[in-house]
Amino acid sequence: MTDMDMPLITDRAALMRNRARALPNALFLQEHAADELQERLIEVNRTFTSVAIVTGFPDFWAARYPDATIVPDDDTLDLKPQAHDLILHTMCLHWANDPVGQLVQARHALKPDGLLLCTFLGGQTLHELRKSLAEAEVAVTGGLSPRIAPMGEIRDLGGLLQRAGFALPVADGSPLTASYVNAFHLMHDLRKMGENNALTGRIKHPTRRNVLTEAACIYADNFRNAENRVDATFEFITLTGWAPAESQPQPLRPGSAKTRLADALNTKETPLNRSND
């Protein structure tokens, strides 16, 4: 099976409809991502002169970075080769049908030693809702349907940068916990922020009311907090990588070391006894 034959996880038309319905005052996930990226850029301590932002929410990010080039997260990114020294790929890789392809395109659009910061939702996101909906649907209908996008685990995501050809790759994650009156309020909020179900395999008719009611009961029973509300987890993953450049630190060739490890540690080297082998 070729890449072109791979089944598409995300229905792009549905995703665009969901985003078009999003409300500007409900984009707290975008706000959190923007604040996190800003802190990381301060730590980098470098001046960037040609910034591109890949996003599904252009108005929000254009307000934050008015001088940046804003491009949609289409399958083919509208980026010119080696045109930017910083690319922010913001809160959309979890919807990508080809995440490695997105990163490869970003690398080609970076100048040598240019920086990519890619933030998106990881595998622990909405695990409470995922569990509750699955149990409720099995109990009521006897089956399961795709409802929450499959999101990568951090232990696997660092490899995406290496596959895409980035140097000095780093992947890290952090959780954000939000609380809601109940599961219905959470699902309503997901719709307002444009992050509701856009999976290709989703059911195309409204979910039965008794499935949602059962899911809300399961959610409350398992994830109620001390304030008598329910918690919802959003896991933010950030990938950091640099376009390769000759000026970057390079690993030494095997056998090229000029100092023994024992000398560096100021200890005595003990030969291996293989007499019993």
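Above this text is the structure in question.
Let me sum up the structure you'll find in this document. These figures come from a predicted structure and were not determined experimentally.

### A few points about helix α5 (residues 127-141)
Then step 1. Between its first and last C-alpha atoms α5 spans 21 Å; for 15 residues at 1.5 Å apiece the expected length is 21 Å, and the two agree.
Then step 2. The set of residues buried in α5 consists of E128, L129, S132, L133, A136 and E137. What you see down the axis of α5 is that its buried residues fit within an arc of 145°, all on one side.
Then step 3. Tucked inside the fold, the buried residues of α5 contact α7 (183-192), α8 (209-223) and β6 (230-242).
Then step 4. One or two positions beyond α5, positive phi appears at G142, with a value near 80°.

### Regarding the packing of α7 against α8
Then step 1. Relative to each other, α7 and α8 sit at 115°, their axes nearing to 9 Å. What the angle tells us is that α7 and α8 run roughly perpendicular. Side by side, α7 and α8 meet where A183, F184, L186 and M187 of the first sit next to R209, L212, T213, A216 and Y219 of the second.
Then step 2. The residue inventory of the contact of α7 with α8, partitioned by class, reads 7 nonpolar, 1 polar and 1 charged.

### Regarding the nonpolar core
The tendency in soluble globular proteins is for nonpolar side chains to be buried side by side.
Then step 1. Counting 45 residues, the largest nonpolar core has W61, Y180, L186, Y219 and F234 as its most contacted members.
Then step 2. Here W61 is in contact with Q30, A33, A34, L37, I53, T55, I70 and T90, once residues within four sequence places are set aside.
Then step 3. Core analysis: the second largest hydrophobic core is formed by 25 residues, L93, A96, A106 and A164 among them.

### Here's the deal with the side chain of T240
Then step 1. Locating T240 in the fold gives a position in strand β6.
Then step 2. Those residues within four positions of T240 in sequence are excluded, and the remaining contacts are R40, L115, L116, L117, L161, L168, P169 and V170.

### Points about the packing of α5 against α8
If you want to describe how two helices pack, look at the angle between their axes and the distance between the axes.
Then step 1. Running from N to C, α5 and α8 cross one another at 130°; their axes reach a closest spacing of 8 Å. Considering the angle they form, α5 stands oblique to α8. Judged by the twist between their axes, the crossing of α5 over α8 is right-handed. Contact residues: H127, E128, L129, K131, S132, L133, E135, A136, E137, V140 and T141 in α5; N210, V211, L212, E214, A215, I218, Y219, N222 and F223 in α8.
Then step 2. Its residues assigned to classes, the contact of α5 with α8 shows 10 nonpolar, 5 polar and 5 charged.

The rules we used
- Residues numbered from 1 in each chain as written.
- Predicted model: local features only at pLDDT ≥ 70, side-chain atom pairs only at ≥ 80, totals over all residues.
- Heavy atoms only, no water.
- Helix = DSSP H or I, 4+ residues; strand = E, 2+ residues; numbered from the N terminus.
- Expected span 1.5 Å × (residues − 1).
- Buried < 20%, exposed > 50% of the residue type's maximum accessible area, 1.4 Å probe, protein only.
- Arc of directions from axis to C-beta.
- Contact = heavy atoms within 4.5 Å.
- Axes fitted to C-alpha atoms, helices over the stretch in contact; angles between N-to-C directions.
- Parallel < 35°, antiparallel > 145°, perpendicular 65-115°, else oblique.
- Nonpolar A, V, L, I, M, F, W, Y, C, P; charged D, E, K, R; others polar.
- Core = buried A, V, L, I, M, F, W, Y, C linked by side-chain atoms within 4.5 Å.
- Left-handed = near helix turned anticlockwise from the far one by under 90°.

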